[in-house]
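# Reading the structure
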Amino acid sequence: MTKNFKMVAKTLFGMEELLAQELRQLGASSIEIGTRNVSFEGDTGFMYKANLCCRTAIKILKPITAFNIFTEEDLYKKIYEMPWENFMDVKGTLAVNATVFSDVFTHSQYIALKTKDAIVDRFRDREGVRPDVDLDHPTLRINIHIDRNICTVSLDSSGESLHKRGYKVESTLAPINEVLAAGVLMLSGWQGQCDFLDPMCGGGTILTEAAMIACNIPPNLNREEFGFETWPDFDVDLYEKIEEAALKKVRDFPHKIYGFDTDPVAIKKAKENIKSANLQDFIDVKQQDFFESEKENDKPLYIVFNPPYDERISVKDVETFYSSIGNTLKRGYPGTQAWMITSNMEALKFVGLRPSKKIKLFNGKLESKLVRYEMYEGSRKASKQ
């Protein structure tokens, strides 16, 4: 049995509680919630499982040491003294990422460069050759976190950000990040309990994440590689066991998931992405104007969507567009729970419905609101009268 060690999972603002809940359900211990991160403990197998199964994590970091530093020379010296040959081969490649919250150390790029120099110099002094830097596909990704005078050095077990699930083969204009899409669905309470609609589906990210949640499919099953797979101690048999155990928990989904978009190009891309995720049996998409649609039957329906903004909708159309959202929900979608994320706070006034819930999130750097509208049965009759 490998022993437990501390890890840090990074996430988006507003997703910390969700991530802690995910880690708890997966079996993590010593969970502590921070800002945009959750620290926890687990063994090597759990590190593999967290990368494979966490829907709201962006990175899983494995801290290997922490020390005080007061000057750049301190940083160089302490990094140089670390046994980097235990973590990578000289023929391997490395990439360093740094975040700094300090009055003394203010430039993260410079800190990353200084760290890289110390590692490379150690190899050159010991072995006469140096490893190369590869920012795209390094053998080892190193994360430096400086908070005032405390420097924490971590290995990045994820590699590329975990929002890159591996199923997105076609990208649309201003697509929603996969971790944000999964987080929005989980915050809304979606678990696969009824039919589901994304009426402005773009490239199909929300639909894909909704299907993976409904069927309990590990979100990162389609990824080509995790960072830990190039580590010297990677245990492929253990990883395959973890993957097999996660796949045994996949469940069937008896309801319908479908999406609309007015743009035929977006529909074509959504179909490609859904097929790439092997979810074409669960999701239907078609070219359809939501504003000219109505609910297909009397069964409960869950709606989650990310309406177009700025890049795809001109400012003068905002009032008409958002009031059409409200009118369509009132007129055509009784017995529906509708959730919408938008970074256009002004536009929400034009919907003409009172949200029963508001949650603050960030879509990239844009502050956003996730709002819920509950359309009760009978609102259609009332509007007709």
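Heads up: these notes are all about the structure in this document. (Residues numbered from 1 in each chain as written. Predicted model: local features only at pLDDT ≥ 70, side-chain atom pairs only at ≥ 80, totals over all residues. Heavy atoms only, no water.)

## As for the overall build of the protein chain
The helix and strand tally for the protein chain stands at 10 helices and 15 strands. With respect to the three principal axes, the spread of C-alpha positions in the protein chain is 85 × 45 × 40 Å. Within the protein chain, the fraction of its 385 residues that count as buried is 50%. Look at the contacts in the protein chain between residues 6 or more apart in sequence, and 77% of them connect residues 24 or more apart. As displayed, the protein chain has an accessible area near 18600 Å², and 48% of this comes from carbon and sulfur atoms. Taking the average location of the 51 positive side-chain charges in the protein chain and that of its 56 negative ones, the two points are 5 Å from each other. (Helix = DSSP H or I, 4+ residues; strand = E, 2+ residues; numbered from the N terminus. Buried < 20%, exposed > 50% of the residue type's maximum accessible area, 1.4 Å probe, protein only. Contact = heavy atoms within 4.5 Å. Areas by Shrake-Rupley, 256 points an atom, 1.4 Å probe, with all protein chains shown as cover. Lys, Arg positive; Asp, Glu negative; His and termini not counted. Charge placed at Lys NZ, Arg CZ, Asp CG, Glu CD.)

## Focus: the sheet that holds strand S9 (residues 195-198)
Each strand in a sheet pairs with another by means of backbone hydrogen bonds, the pair being arranged parallel or else antiparallel. Pairing is mixed in the open sheet, where 7 strands are placed in the order S11-S10-S9-S12-S13-S15-S14. With one partner strand each, in any of the chains shown, strand S11 (283-287) and strand S14 (357-363) form the two edges of the open sheet. The average angle at which neighbouring strand axes cross in this sheet is 20°, direction not considered. Helix-sheet contacts for helix H8 (residues 264-276) involve strand S10 (257-261) and S11, and the interaxial angle to S11 is about 165°. (Pairing = 2+ DSSP bridges. Axes fitted to C-alpha atoms, helices over the stretch in contact; angles between N-to-C directions.)

## Examining H8
Given 3.6 residues per turn, any residue in an α-helix points the same way as the ones three and four places further on. With 13 residues, H8 ought to run about 18 Å at 1.5 Å a step, and its terminal C-alpha atoms sit 19 Å apart, in line with that. Considered for burial, the residues of H8 that qualify are Ala 266, Ile 267, Ala 270, Asn 273 and Ile 274. All buried residues of H8 lie within an arc of 125° about the axis, which places them on one face of the element. The exposed residues of H8 that point more than 90 degrees off its buried face are Lys 268 and Lys 275. The inward-facing, buried residues of H8 abut helix H6 (205-214), S10 and S11. (Expected span 1.5 Å × (residues − 1). Arc of directions from axis to C-beta.)

## Points about the pairing of strand S4 (residues 59-68)
Relative to S4, strand S1 (residues 5-10) runs antiparallel, the two sharing 3 bridges. Considered in S4, the bridge of Ala 9 is made with Ile 60. Note that S4 and strand S8 (residues 150-156) share 7 bridges and pair antiparallel. Bridge pairing links Phe 67 to Cys 151 in S8.

## Some points on the nonpolar core
Core analysis: the biggest nonpolar cluster contains 52 residues, and Leu 23, Ile 60, Ile 79, Trp 84, Ile 142, Ile 144 and Val 153 have the highest contact counts within it. Leaving out residues up to four positions away in the same chain, Val 153 has contacts with Lys 62, Pro 63, Ile 64, Thr 65, Phe 67, Ile 79, Met 82, Trp 84, Ile 142, Asn 143 and Ile 144. Residues Val 179, Ala 181, Trp 190 and Ile 217 belong to the second largest nonpolar core, which totals 40 residues. (Core = buried A, V, L, I, M, F, W, Y, C linked by side-chain atoms within 4.5 Å.)

## Remarks on the sheet that holds strand S6 (residues 132-133)
The strand order S2-S3-S1-S4-S8-S7-S5-S6 describes an open sheet built from 8 strands, whose pairing is mixed. Across the chains shown, the open sheet's two edge strands, defined by having one partner strand only, are strand S2 (29-33) and S6. When S1 meets strand S3 (residues 37-42), the two strands line up antiparallel, connected through 6 bridges. Bridge assignment links Met 7 to a residue of S3, and that residue is Phe 40.

## Overview of the environment of Thr 342
Positionally, Thr 342 belongs in strand S13 (residues 336-342). Put simply, Thr 342 and Lys 369 are 27 residues apart on the chain and 5.6 Å apart in space, counted from C-alpha to C-alpha. Ignoring sequence-local partners within four residues, the contact set of Thr 342 consists of Tyr 322, Leu 348, Ser 368 and Lys 369. Engagement of the side chain of Thr 342 in a polar contact is seen with the side chain of Tyr 322, the distance being 2.9 Å. (Polar contact = N/O pair within 3.5 Å; in protein donor to acceptor, adjacent residues only side chain to side chain.)

## Brief notes about helix H1 (residues 16-26)
For H1, the set of buried residues is Glu 16, Leu 18, Leu 19, Ala 20, Glu 22, Leu 23 and Leu 26. Contacts from the buried residues of H1 go to S1, S2, S3, helix H2 (44-53) and helix H5 (178-188). With its phi angle positive at about 115°, Gly 27 sits one or two positions after the end of H1.

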